[in-house]
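Take a look at the letters that make up each chain.
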Amino acid sequence: VRESKKNVVTFEYACAVGAACKINPEDIPVALMFYHELGVVLFYPHIEGLRDKVIVSPKWFVDCLGKVLALHESEDCENLQLWKLLREKGILVQPLYVAAWKNCESVEPEEIMKLLVNFHLAAEVKTNEYHDSSAKQFF
């Protein structure tokens, strides 16, 4: 899998690799969880949107998270006010995380947010801090 230079593969692809390695199909989720616990891959079968994906490069995923969680502005001049809102009030709004994570390969920004919420690293809130009330906001 690492030779394919992909950071994320589908669960179906992981199953094909497992079959090629003579792993019984019913044991593949167990094997993935074993490698997850070792930190070799990231596999979240309990999180909607991520259950069909295996992140084969945890470092790449942490780097993706760091695009927002590092609290430093990127070269994204469009979103300076949103960076300020995040830095000063701890409110992460949807347009900012979508822009920051748009190039994170096969993992969608909303899936990353579901992961952060699952681990209690973020919580969805409603505030008057951002003018677009339809945009999701997280603390």
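Just above sits the structure.
On a predicted model such as this, the values are computed, not experimentally measured, just so you know. (Residues numbered from 1 in each chain as written. Predicted model: local features only at pLDDT ≥ 70, side-chain atom pairs only at ≥ 80, totals over all residues. Heavy atoms only, no water.)

Visitor: Sorry if this is basic, but what is going on with the sheet that holds strand β4 (residues 92-93) here?
Guide: Neighbouring strands of a sheet are bound in pairs by backbone hydrogen bonds; such pairs are parallel or else antiparallel. Across the sheet, 3 strands lie side by side as β4-β6-β5; this open sheet has antiparallel pairing. Sheet topology places β4 and β5 (124-125) at the edges, where each strand pairs with a single neighbour. In this sheet, strand β6 (residues 137-138) lies alongside β4 in antiparallel orientation, the contact comprising 2 bridges. Within β6, the residue paired with V93 across the bridge is Q137. (Pairing = 2+ DSSP bridges. Helix = DSSP H or I, 4+ residues; strand = E, 2+ residues; numbered from the N terminus.)

Visitor: Looking at this model, I keep getting lost on unusual backbone geometry. Mind explaining?
Guide: For K22, which is not a glycine, the phi torsion comes out positive at approximately 65°. Relative accessible area serves as the criterion here: at 72%, K22 is assigned to the exposed category. Unusually for a residue other than glycine, H120 sits at a positive phi of about 60°. (Buried < 20%, exposed > 50% of the residue type's maximum accessible area, 1.4 Å probe, protein only.)

Visitor: Is there a simple way to think about the sheet that holds strand β1 (residues 8-10) in this case?
Guide: On the basis of which strands lie adjacent, the open sheet formed by 3 strands has the order β1-β3-β2 and antiparallel pairing. Of all strands in the sheet, those with a lone pairing partner are β1 and β2 (42-43), marking the two edges. Pairing analysis gives 2 bridges linking β2 to strand β3 (residues 53-55), with the strands arranged antiparallel. Opposite L42, over in β3, you have I55 as the bridge partner.

Visitor: Hey, could you run me through the environment of H36 in this one?
Guide: Positionally, H36 belongs in helix α2 (residues 28-38). As for H36 and V54, which are separated by 18 residues in sequence, their C-alpha atoms are 9.3 Å apart. Discounting residues that sit within four places of it in the chain, H36 has contacts with V41, L42, F43 and Y44. (Contact = heavy atoms within 4.5 Å.)

Visitor: So what exactly am I meant to see when it comes to a nonpolar patch on the surface here?
Guide: A surface patch of nonpolar side chains, amounting to about 380 Å² of accessible area, comprises F34, Y35, L38 and V40. Looking at the element boundaries, V40 is found in the loop between α2 and β2. V40 sits in the partly exposed class, given a relative accessible area of 32%. (Patch = residues over 30% accessible without salt bridge, like charges linked within 9 Å, V, L, I, M, F, W, Y side chains within 5 Å. Areas by Shrake-Rupley, 256 points an atom, 1.4 Å probe, with all protein chains shown as cover. Salt bridge = Lys/Arg side-chain N within 4 Å of Asp/Glu carboxyl O.)

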